[in-house]
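Take a look at the letters that make up each chain.
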Amino acid sequence: MHMKTIDIEKKKSYVNFSIGKENFAIIVDDVLEIINLDQLTHVPNSSDFVLGILNYRGNIVPVINLHKRFNYIQHEVRCDTVIVVNVMNSENHVLMGLLVDEVTDVIEFEYKDIRTVPDLGLKYNPAFLEGFIEMKEKFIMVLNVNKVLSVSELAEINDLSIGEIAKKIENHLQPE
Amino acid sequence: MEMKKRIIVVEDFNTSRQIIKRTLEGMDYQVDEAADGREALKFFNGSRIDLVITDYNMPFMDGAALVEYIRSKDAYKYIPILVLSTETNVEKQKKAREAKITGWIKKPFEISDFRNQIQKILT
Amino acid sequence: MDEFIESFINEARELLFQLESDLLLLENQPQDNEVTNSIFRIMHNLKGAAQMYGFDDMQYLTHEFESIFDRIRTGELKVSHDLIDDTLKGKDILLSMLDKDSPAEKDEDLVGQLKSKYSGLIDNETAGIEEKISDKPSGRAIYCILFSPEKEIFERGLNPDRAIEEAMASGKAKIMMHEKKTSWEKQKTKKICQTTWEIYLYSAFTATQIEEIFLFYDKEEYRVFQIPEDELDQNLEYLDFFRNNYGKGISAADHVKECISGLADGAEEIPVLNAGKEVDERQSQGKLSHVSGSTKEFIINVSSQKLDELMNLVSELVISGASLNAHATRLNDSRLSTLIENIDKLTKKFRKNALDLRLIPVRTLLNKFNRQIRDLSKELNKEVVLLVEGEETEIDKTVLKAIESPLMHIIRNSIGHGIEPPEERIQKGKTREGTLKIAAFYSGANVIIQIHDDGCGINLEKVKQRAIEKGYISPDQQITDQELLKLIMEPGFTTSENINLVSGRGVGMDVVRKELNAIGGSLQIDTEKDLGTSMTMKLPTTLSIIDTLMLEVNDLHVLVPLLEIEYCYKEIRENIYERNSNMLQYKNNLVPFVSLRRKFKCPLNNHKEEMVIIINKYDKKYALIVDDIIGEHQAVIKPLGGLFVNQPYFSGASILVDGNLALILDTNYLFNQSVLN
């Protein structure tokens, strides 16, 4: 368990992507590549949120459906873009693929600009969520990819649905 | 140019074997090694051997059997064979004659003593 | 000599390791001569080397053991449990003696104890009392040497001429040769010696130095006298010789006088042995590559990194070869195909050899545990019998290293918490001794290591309570046994009060799970009250390449190891399901079958026929029902990764020629499934 010192004033780049209505961002450092979903091999009897595996430069990479991961019930998603990320999973580096609708752009902001969710009256800030950021009239939820994909965080994610969080943020941002 | 004298060293304990080999090579002899009697057999194929140094207690084929084998070959009936041993028992040393061994090298040995013995035989 | 010391220490360690194995084996097979010999040899070698490198304590201890085991060899002493115990203790002490940094456990008494315990009279093996001829400290002396080599002296590799030469070179000498039967020259050609020499020598050498000339000769073959000290004309031995070689015409005294006359005359240069001769040691060039001293085979230590690189290259070669092959087939050029077939064969051989480099039989690990299991059982007053199955199963080097710690931990748990004390077992109607069984075998692309004890099983009630205490579950929550068992692997979860004794505090199953996950393995726990507990480790045989048959199930490509397939045939669907059970007819037998389409929940198709693959694993037969066979595929096994550890059907994946993926079937799991249905 190592602590990364975060320079809160330095501007960092984040990859902004969308799944359905929601917008998310993950730090560029974690992202390896953004590829088109070509061939996905489904693995029978695996967890719901794992769509299958793909061959990324000779590596077996599992592809995660963030919707399912977040228990986010939504209409059929036209996902064909995969963000390949390099995450820490119990002290090992592993590759994982996130299935998303679209990668919008790469944005920059400072760590201190991220606002935390407890501000909104929620019980706690889920570990997978760094917070959210306001940008161009929309809000973007900043994800900690390591926590999102960490197997042991599964329980927490099941508890809290992204949908709820999104609603709360929306409500908060809308002037009463 | 005179050819180097060739010595076969048979000893199962690797460290000892390497010390012996290095010492002999330092005296400008050619050394071939084996870790036990069985392995050593291949050397006695008629090619020239000037001296055999072997341990007595070895797996698979011990020193006594090896010496017997070597002496059974015409080519090697009269070559000097030295046997390494920690035995100080006089009884055993007497057996050298019966076993057709040239002599015993007591383990552990002082390198200078060892050199002298070898020189005695090979010069 | 430093590099030699290091090499000696390394080799000594390996010998001690071997010693332990041998001792444990001897305990169970006290009549085994081979093992006794091996132990004797180890002590013998260690003794010699220890003295050479100044490990005095080690020398004395090994000398003691060497004597003891020598007498066991000759049958004078019998093997006893006490002896094994003491020798094992001795082995530990010897091991600590190798550590020059840490002070060795001084057990001065051990040598004494051994002496008195295993027969008071251990032959001290003092060198035979040799007659010491007084050494004249300086000055010159006259010596008389009687030299009579045996007839077959040449057959000992000795030529008396050499000794004579050396004698002549040590001073001024007068030599008489007494040839019997034929001339010495003739004798030499016949390689027999029927000659004696009488040498009178005026030399500055000491008597010891003179004797050294005859280093390789038997004491009976030469005698060295000092004149006048030994008074030759009074000395019986000399007189004996004299009478045998000379007639009555002259008296011994006169003869001696005549021989030594003139010897000491003149101030001639007499060579003096250069006593303090410095022989220059040639500096060693380059490092001596460590060749481990196992007498059974030559073992070379290769860095893991080099092996990894080699394996990567091999894998790439295999994949490239496959592509090349596919391409060539398309081109339909027969000559090219033949050439490629050759390359294919060579590649296969190459990869087999490279693979084998990394594979080590599990046995090496299990042997290590033998001793620890024995000691632990004793310490905890449990009686445990260890059964091992499949110890020749080979695992990748790195995997083997990685499972050492978790495996040991599981074993400790079994002995510490699983197997009950003998009295309790008898009360329960069980055998006095508990059984710890470790089995290793292959399954698909995995190696399975199963540790089973027939102890009291895991107390699920306690686990549940603990889980509630720790807040993992709520008091009224419904939870299955399997889920409870999974909870055991959560951090900080230990129900034992004796955490310090056996497994250490909180260093529980969570560490085991983590360590296994790190190498892509997993752990499953099964338990039954009073019947015992089974811990099953599933390990990848990473970077293995296996020959497989590629099968089609819906749109999925599935791989099955070729070796496990006995037979394949097409069958009409109705015939398969006609029995309304999961058995089908194969060669006059009924075998269970599994339809992969159904297992994988694929939509049903309307094909009339299905493909039946008969799998034969260690004589357990069952059938896989699939859509079709696609072909053979040399699969480079890639682990699926942490997210799939709990998924039971597949043990890995393989990249196909076109870049797509195929999944490797876990044939063991499916067998269990087929039987259960």
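Small disclaimer: the values here were computed from a predicted structure and weren't measured.

A. Local environment of the overall build of chain B. The helix and strand inventory of chain B stands at five helices and five strands. Along chain B, helices (α) and strands (β) appear in the sequence β-α-β-α-β-α-β-α-β-α when read from the amino end. For chain B, with 123 residues in total, the buried portion stands at 44%. Of the contacts formed within chain B by residues at least 6 apart in sequence, a portion of 59% connects residues at least 24 apart.

B. The arrangement of the overall build of chain A in detail. The helix and strand tally for chain A stands at four helices and ten strands. Along chain A, from the amino end to the carboxyl end, the secondary structure elements read β-β-β-β-β-α-β-β-β-β-β-α-α-α. Within chain A, the proportion of its 176 residues that are buried is 33%. Considering only contacts in chain A between residues 6 or more positions apart, those separated by 24 or more positions represent 58%.

C. Examining the pairing of strand β17 (residues 583–586) of chain C more closely. Residue and element names in this part refer to chain C. For β17 and strand β18 (residues 589–595), the ladder comprises four bridges, and the chain directions are antiparallel. Residue pairing across strands places methionine 583 opposite proline 592, the latter belonging to β18. Between β17 and β18, which pair antiparallel in sequence order, lie two residues; one of them, lysine 587, sits at a positive phi of approximately 50°.

D. Examining the packing of helix α2 (residues 33–52) of chain C against helix α3 (residues 56–73) of chain C more closely. Residue and element names in this part refer to chain C. Where α2 contacts α3, the axes come no closer than 8 Å and their chain directions differ by 155°. Taken together, the axes of α2 and α3 are roughly antiparallel relative to one another. Of the two elements, α2 crosses α3, and the hand of that crossing is left-handed. Here α2 contributes Thr36, Asn37, Ile39, Phe40, Met43, His44, Leu46, Lys47, Ala50 and Gln51 to the contact with α3, which in turn contributes Met58, Gln59, Thr62, His63, Phe65, Glu66, Phe69, Asp70, Ile72 and Arg73.

E. Region of interest: the sheet that holds β18(C). Residues and elements named next belong to chain C. Across the sheet, five strands lie side by side as β16-β19-β20-β18-β17; this open sheet has mixed pairing. The outermost strands of the open sheet, each flanked by one partner alone, are β16 (565–572) and β17. Strand-to-strand twist across the sheet, computed as the mean angle between neighbouring axes with direction ignored, equals 35°. In this sheet, strand β19 (residues 609–617) lies alongside β16 in antiparallel orientation, the contact comprising seven bridges.

F. A look at the nonpolar core. Membership of the largest hydrophobic core comes to 76 residues, with the highest contact counts inside it found for Leu143(A), Val558(C) and Leu663(C). Once residues lying within four places of it in the same chain are set aside, the contact partners of Leu663(C) are Val43(A), Leu556(C), Val558(C), Leu559(C), Phe650(C) and Ala653(C).

G. A look at the interface of chain A and chain C. Opposite the 19 residues of chain A that make contact, chain C presents 21 residues. Examining the composition of the side of chain A that touches chain C, we find that three residues originate from one element, strand β4 (residues 50–56) of chain A, more than from any other. Here the residues of the side of chain A that touches chain C are counted per class, giving eight nonpolar, eleven polar and no charged.

H. Focus on the confidence of the model for chain B. All names here are of chain B. Confidence in the prediction for chain B averages 83 pLDDT; 89% of positions are at 70 or higher. Looking over chain B, one finds the lowest element-wise mean pLDDT in helix α4 (residues 90–99), namely 65, and the highest in strand β1 (residues 6–10), namely 94. Two numbers describe this predicted complex: its pTM, 0.42, and its ipTM, 0.83.

I. Structural detail: the environment of Glu33(B). Residues and elements named next belong to chain B. Counting through the fold element by element, glutamate 33 comes out in strand β2 (residues 30–34). For the pair glutamate 33 and glutamine 18, spaced 15 residues apart in the sequence, the C-alpha separation amounts to 8.9 Å. With residues up to four places along the chain from it excluded, the contact list for glutamate 33 reads Val9, Arg17 and Lys21.

J. Expanded view of the sheet that holds strand β13 (residues 532–540) of chain C. Residue and element names in this part refer to chain C. One open sheet holds the five strands; their spatial order is β8-β10-β11-β13-β12, and the pairing between them is mixed. Bordering the open sheet on either side are β8 (384–389) and β12 (522–528), each of which pairs with just one other strand. Neighbour-to-neighbour, the strand axes of this sheet turn through a mean angle of 15°, independent of strand direction.

K. The packing of α3(C) against helix α4 (residues 81–98) of chain C, seen in detail. All names here are of chain C. Running from N to C, α3 and α4 point in directions that differ by 160°, and their axes come no closer than 10 Å. Taken together, the axis directions place α3 and α4 in an arrangement best described as roughly antiparallel. Between α3 and α4 lies a crossing of left-handed hand. Here α3 contributes Asp57, Met58, Leu61 and Phe65 to the contact with α4, which in turn contributes Thr87, Gly90, Ile93, Leu94 and Met97.

L. Broad picture of the pairing of β13(C). Residues and elements named next belong to chain C. In terms of burial, β13 is a largely internal element, seven of the nine residues being buried. Inspection of the sheet shows strand β11 (residues 446–453) paired to β13 by eight bridges, in the antiparallel sense. If you follow asparagine 446 over to β13, its bridge partner there is proline 540. Alignment of β12 against β13, held across seven bridges, turns out to be antiparallel.

M. Inspection of the environment of Ile142(C) at higher detail. Relative to the assigned elements, Ile142(C) resides in strand β1 (residues 141–147). The contacts of Ile142(C), once residues within four sequence positions are left out, are Tyr200(C), Leu201(C), Tyr202(C), Ile227(C), Ile260(C), Leu263(C) and Ala264(C).

N. Inspection of the confidence of the model for chain A at higher detail. Residue and element names in this part refer to chain A. Across chain A, pLDDT averages 72, with 62% of residues at or above 70. Mean pLDDT across the elements of chain A ranges from a minimum in helix α3 (residues 154–159), with 44, to a maximum in strand β2 (residues 22–27), with 86. The low-confidence segment residues 152–159, where pLDDT is below 50, has nine contacts with residues more than four positions distant or belonging to other chains.

O. Region of interest: the environment of His409(C). In this structure, His409(C) sits in helix α14 (residues 397–418). As a C-alpha pair, His409(C) and Val512(C) span 103 residues in sequence and 7.5 Å in three-dimensional space.

P. Focus on unusual backbone geometry. Residues and elements named next belong to chain C. A positive phi is found at aspartate 530, a non-glycine position, where the angle reads about 65°. Looking at the secondary structure, you find aspartate 530 in the loop between β12 and β13. By the C-beta count within 10 Å, which is 13 here, aspartate 530 ends up partly exposed. One non-glycine residue with positive phi stands out, namely asparagine 554, at about 60°. Within the secondary structure, asparagine 554 sits in the loop between β14 (545–553) and β15 (556–561).

Analysis parameters
Residues numbered from 1 in each chain as written. Chains lettered and ligands numbered in written order. Predicted model: local features only at pLDDT ≥ 70, side-chain atom pairs only at ≥ 80, totals over all residues. Helix = DSSP H or I, 4+ residues; strand = E, 2+ residues; numbered from the N terminus. Buried ≥ 20, exposed ≤ 12 C-beta atoms within 10 Å, placed from the backbone. Contact = placed C-beta atoms within 7 Å. Pairing = 2+ DSSP bridges. Axes fitted to C-alpha atoms, helices over the stretch in contact; angles between N-to-C directions. Parallel < 35°, antiparallel > 145°, perpendicular 65-115°, else oblique. Left-handed = near helix turned anticlockwise from the far one by under 90°. Core = buried A, V, L, I, M, F, W, Y, C linked by C-beta atoms within 7 Å. Nonpolar A, V, L, I, M, F, W, Y, C, P; charged D, E, K, R; others polar. pLDDT = per-residue confidence, 0-100.

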